[in-house]
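Next come the chains, spelled out residue by residue.
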Amino acid sequence: MRNDLTRRKLLAAASTAIAAARPSWANDNDKLAVLGGSPLRTAPFPGWPVIAENEEQAWMKVLRGGKWNRLDGDHARQFEEAWAAKLGAKHCLATANGTSALIISLNALGIGPGDEVIVPPYTFVATINAVLMQHAIPVFVDTDPETFQIDARKIEAAITERTRCILPVHLGGSPADMDTILEIGRKHRLPVLEDACQAHLAEWRERKVSMLGALGCFSFQASKNLNSGEGGAILTNDTDLYRVCQSFHNNGRGDTGSGFGYVRNGANLRITEFQAVLLTEQLKRVENQSRRREQNAAYLTKQLAEIPGIRPARMYPGATRNAYHLYMFRYDKTQFANLARRQFLKALEAEGIPCSGGYTPLNKEPFLKHSFDSRAYRAIYPSKQLEEWTERNHCPANDRLCEEAVWFTQTMLLGQSEDMDQITGAVRKIQRQAAMLARS
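Residues numbered from 1 in each chain as written. Predicted model: local features only at pLDDT ≥ 70, side-chain atom pairs only at ≥ 80, totals over all residues. Heavy atoms only, no water.

Details of the layout of surface pockets
Let me state the cut-off plainly: Space inside and on the surface of the protein is sampled on a 1 Å grid over the protein atoms alone, with a cavity defined as a set of points where a 1.4 Å probe fits but cannot get out and a pocket as an open set with protein on both sides within 12 Å along at least 5 of 7 lines; lining residues have an atom within 4 Å of a point. Grid points are joined across faces, edges and corners, and a volume is the space filled by probe spheres set on the points. Helix and strand assignments follow DSSP, with helices taken as H or I runs no shorter than four residues and strands as E runs no shorter than two, numbered in order from the N terminus.
Of the voids in this model, the largest pocket is the one considered here, and its volume is about 390 Å³. Around the largest pocket, the lining is made up of 23 residues, and of these R70, R77, E80, Y242 and Q246 lie nearest the centre. Elements with a minimum of two residues in the lining of the largest pocket: α3 (75-87), β1 (91-95) and α7 (239-249). For the lining of the largest pocket, the element with the most residues is α7, which contributes five residues. Put simply, the parts of the chain that give the lining of the second largest pocket at least two residues each are α4 (98-108) and α5 (126-133).

Listed below in structure tokens is the structure:
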């Protein structure tokens, strides 16, 4: 009897110790919030943007100074110099936004009617719109679902005599397979234009992305890791390309930058002094924020990778730094009692974990057909070429990815390790009760 009592006391003590060691929110018996239970998390994740006294003072200085246009002020130039130095670039041109950076760059590379540009199907629409603005044709190369990036192994098969550029996207802040892409570019004498709009400070083999191809583009839109509401930049070491970009974005003016002399066609795609001064001030904390995201992402990946059915996006071996504008993983419903992804996302949101299902297949968007049916495209391209486009642009791996992807935004990675624990805890909670939720 004494042994039985001793054993019971030990078991009770062990149970009490385990319960005490676990966070208060980690209760195996909790009912899912989406089914009427209490959410695992109620506190908000860190807000965005981060605003401090330095931004306010700098903004007011520009406001009161009255020099709001970059042609009159110095802040755009100062930011360009700082961003170029940070990335190891010879030249930086600040622009109105990331989309305009892409349009300017394609113009500088001479991309136009009759040309084809290699693009990924898993990206924000601006990548494709920039190509369409040139009346060129985007040619989609399927996605590598392990990394969420363009599958560089499939690029060469998509190249034709009309291909004029390869436009990889460092999606979510993780570098694309630049060794393979650059080698293909050299082999076929095709310029590589890097869409680094989501990849601030990301690196490939310890070189900053945007500095690997002919040109690289960034966005500073409100959600981005370096943020001025809107804004963009072009980076390059090629002085001739830089001068063309500089002229085009300033209505085609020459080196003087003002007056009524023009050396080419162009547009007004200049950044304002307000945007530029915000970027200069935000730049003071971008490194620390980036390191925090990396640390939290590594911690989160280690935990999520242990959950059956959750597959965090893999980085290529050459990727030495990930910007983590997005934290992405694939959801395998077979490990969650065949719970549909939309139900998983809804349940995760209910637990206090913001999430989304990411992009839809761009190559299947109706606006592409509408573009190709336009008078301009019909005047430029033979009907047969436009009709064959659909057959050339099947992306089955990307179709599957678009049904499995789950995203967290970069702001969620600015919290503490406890926040990452709660993300993992919510996923585990859903998995434990997936069968019940699937039946509801």
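After that view, the rundown keeps rolling.
With respect to the packing of α4 against α5
Just so we agree on the cut-off: For every element, the axis is a line fit to its C-alpha atoms; helices are fit only across the contacting stretch, and the angle between N-to-C directions ranges from 0 to 180 degrees. An angle below 35 degrees is treated as roughly parallel, one above 145 as roughly antiparallel, one from 65 to 115 as roughly perpendicular, and anything else as oblique. Two helices crossing with the near one rotated counterclockwise from the far one by less than a right angle form a left-handed crossing, whereas a clockwise rotation gives a right-handed crossing. The contact criterion used is simple: two residues touch if any of their non-hydrogen atoms lie within 4.5 Å. For this classification, the nonpolar set comprises Ala, Val, Leu, Ile, Met, Phe, Trp, Tyr, Cys and Pro, the charged set comprises Asp, Glu, Lys and Arg, and every other residue, Gly included, is treated as polar.
Packing of α4 against α5 leaves a shortest axis separation of 9 Å and a crossing angle of 40°. Viewed along their axes, α4 and α5 adopt a mutual orientation that is oblique. Pair α4 / α5 crosses with right-handed handedness. Where α4 approaches α5, its residues T99, L102, I103 and L106 are matched on the opposing element by A126, T127, A130, V131 and M133. In terms of residue class, the contact of α4 with α5 is made up of seven nonpolar, two polar and no charged.

As for the sheet that holds strand β11 (residues 232-236)
Stated precisely, the cut-off is as follows: Two strands qualify as a pair provided DSSP detects at least 2 bridges between them.
Read from one edge to the other, the open sheet built from four strands follows the order β1-β11-β10-β7, with strand pairing classed as mixed. With one partner strand each, in any of the chains shown, β1 and β7 (193-195) form the two edges of the open sheet. The mean inter-strand angle of the sheet, taken between neighbouring strand axes irrespective of direction, is 20°. Where β7 meets strand β10 (residues 215-219), three bridges bridge the pair, whose relative direction is parallel. Across the sheet, residue E194 finds its bridge partner in β10, namely G216. Running at roughly 20° to β1, α7 makes contact with β1, β10 and β11 of the sheet.

Some remarks on the pattern of salt bridges
What counts, and what does not: Each salt bridge in this description consists of a side-chain nitrogen of Lys or Arg and a carboxyl oxygen of Asp or Glu lying within 4 Å of one another. The cut-offs for exposure are 20% and 50% of the maximum accessible area for each residue type, with area from a 1.4 Å probe on protein chains only; residues under the lower value are buried, those over the upper are exposed, and the others partly exposed.
A full pass over the atoms with the stated rule returns 31 salt bridges. Across the salt bridge formed by E116 and R392, the nearest N and O atoms sit 2.9 Å from each other. Note that E116 is positioned in strand β2 (residues 116-119) and R392 in helix α13 (residues 383-392), a separation of 276 residues in sequence. By relative accessible area, E116 is classed as buried at 1%. Overall, the relative accessible area of 31% leaves R392 in the partly exposed class. For the salt bridge of R330 with E146, the shortest nitrogen-to-oxygen distance reads 2.9 Å. You can see R330 sitting in strand β14 (residues 326-331) and its partner E146 sitting in the loop between β4 (143-144) and β5 (149-150), a full 184 residues away along the chain. Judged by its relative accessible area of 8%, R330 is buried. According to the relative accessible area criterion, E146 is partly exposed, its value standing at 36%.

A look at α3
For the record, the criterion: One fewer than the residue count of a helix, multiplied by 1.5 Å, yields its expected span. To obtain the arc, one takes the directions from the helix axis to the C-beta atoms.
Compared with an ideal rise of 1.5 Å per residue, which puts 13 residues at 18 Å, α3 spans 18 Å between its outermost C-alpha atoms and is within 8% of the ideal. Among the residues of α3, A76, F79, E80, W83, A84 and L87 are the ones counted as buried. For α3, the arc enclosing every buried residue in end-on projection is 130°, short of the 170-degree limit, so these residues lie on one face. Where α3 is buried, its residues contact β1, β9 (207-208), β10, β11 and α8 (273-282). G88 occupies a position one or two residues after α3 and carries a positive phi of about 75°.

Quick look at α7
Since the α-helix turns once every 3.6 residues, residues separated by three or four places project in the same direction. Those residues of α7 lying buried are T239, L241, Y242, C245, S247, F248 and H249. Against β1, α4, β10 and β11 lie the buried residues of α7. Of the residues flanking the end of α7, it is N251, one or two places downstream, whose phi is positive at about 60°.

Structural notes on the packing of α4 against α7
In a packed pair of helices, the relevant descriptors are the angle between the two axes and the axis-to-axis distance. At their nearest, the axes of α4 and α7 sit 9 Å apart, and the two run at 125° to each other. The orientation of α4 with respect to α7, classified from their angle, is oblique. Crossing geometry of α4 relative to α7 is assigned as right-handed. Contacts from I104, S105, N107 and A108 of α4 reach α7 at L241, V244, C245, F248 and H249. A per-class count over the contact of α4 with α7 returns six nonpolar, three polar and no charged.

What about the side chain of T411?
With respect to the helices, strands and loops of the structure, T411 is situated in the loop between β15 (405-409) and α15 (417-432). By relative accessible area, which is 14% here, T411 ends up buried.

Quick notes on the confidence of the model for the chain
In low-pLDDT regions, the fine details of the predicted coordinates are not to be read closely. Applicable threshold: One confidence number per residue, pLDDT, is output by the predictor and ranges from 0 to 100.
Per-chain confidence: the chain averages 93 in pLDDT, with 93% of residues scoring 70 or above. Averaged over each element, pLDDT in the chain is lowest for helix α1 (residues 2-21) (44) and highest for β7 (99). Contacts of residues 1-8 to residues separated by more than four positions or lying in other chains number zero contacts, the stretch itself having pLDDT below 50. Low pLDDT (under 50) marks residues 10-26, which in the prediction has seven contacts with non-local residues, meaning those over four places away or in another chain.

Focus on the packing of aromatic side chains
Cut-off, in case you're wondering: Ring geometry is summarised as follows: Phe, Tyr and Trp rings, the Trp one being its six-membered ring, pair when their centres sit within 6.5 Å, and such pairs are stacked at plane angles under 30 degrees, edge-to-face over 60 and tilted between the two. By definition here, charges over rings are those cases where NZ of Lys or CZ of Arg is within 6 Å of the ring centre and within 35 degrees of the ring normal.
Per the stated rule, a full pass over the model turns up 20 aromatic pairs. An angle of 70° between the planes, with centres 5.5 Å apart, marks the rings of F336 and F344 as edge-to-face. Of the residues examined, F336 reaches a relative accessible area of 0% and is grouped as buried. On the basis of an interplanar angle of 90° and a centroid distance of 4.6 Å, the ring pair of Y359 and W407 is categorised as edge-to-face. With Y359 in the loop between α10 (341-350) and α11 (366-372) and W407 in strand β15, this pair connects stretches of sequence that are 48 residues apart. Assessed through its relative accessible area of 11%, W407 is described here as buried. Cluster of aromatic residues (ring-pair linked, three or more members): F140, F372, Y377, Y381 and W389. The ring centre of F45 lies 3.7 Å from the NZ or CZ of R41, which sits over that ring.

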